Amino acid sequence: MNPNSEFMAEAIRLSKENVENGGGPFGAVIVKDGKIIAKASNSVTKINDPTAHAEINAIREASKVLNSFDLSGCEIYTSCEPCPMCFGAIYWAHLDKIYYGNTKSDAKNIGFDDSFIYQELDLDMDKRKIPAKQLMPNQAIEAFKMWEEKDDKVEY
């Protein structure tokens, strides 16, 4: 078995174990330099956190292990193609590569359908299901100006 298969097998094992323990069928591992540095499963219902997807949990753990918000040099192995939230988090974390088992179509077939999110993102703000209205932009922009002028900022 090649290393990639071993890492994916662990993500899949975590997904199965999580189902056995009452959670959703998702697992993820993050690898750096050929070693697993973080692993996690979906804990949305366990901790009542809608953001506690396997990939997000693994990113949080890897960030603690490396003491960094930048996970460049790492790869993620996830039992399912990442949802839009996780996909965004993977990019924000600067992971180098994504390996996945099941597809988003496979997830949709068992009730984990995120296609509505993709559809919402394509709509103008005023056409989306959740209303959004800009408030106090003149005050809000002040923090952006402060950031832009800050000499000692840590960019991410």
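The present account deals with the structure reproduced in this document. Worth saying up front: this structure is predicted, and the values here are computed from it rather than measured. (Residues numbered from 1 in each chain as written. Predicted model: local features only at pLDDT ≥ 70, side-chain atom pairs only at ≥ 80, totals over all residues. Heavy atoms only, no water.)

## Some remarks on the pattern of salt bridges
For the structure on display, the rule yields five salt bridges. One salt bridge in this structure joins Arg 13 and Glu 10, with 2.8 Å as the shortest N-O distance. Linking Arg 13 with Glu 10, this pair stays in helix H1 (residues 3–20), spanning three residues, or about one helical turn. By relative accessible area, Arg 13 is classed as partly exposed at 38%. Under the relative-accessibility criterion, Glu 10 is labelled buried at 13%. Between Lys 39 and Glu 10 there is a salt bridge, and its shortest N-O distance comes to 3.0 Å. Of the two residues, Lys 39 sits in strand S2 (residues 35–41) while Glu 10 sits in helix H1, which places them 29 residues apart along the sequence. (Salt bridge = Lys/Arg side-chain N within 4 Å of Asp/Glu carboxyl O. Helix = DSSP H or I, 4+ residues; strand = E, 2+ residues; numbered from the N terminus. Buried < 20%, exposed > 50% of the residue type's maximum accessible area, 1.4 Å probe, protein only.)

## Here we look at the environment of Cys 83
Tracing the sequence through the fold places Cys 83 in the loop between strand S3 (74–80) and helix H4 (84–92). Judged by its relative accessible area of 14%, Cys 83 is buried. Note: C-alpha distance between Cys 83 and Ile 117 (34 residues apart in sequence) is 9.1 Å. Discounting chain neighbours no more than four positions away, the residues touching Cys 83 are His 53, Asp 114 and Tyr 118. (Contact = heavy atoms within 4.5 Å.)

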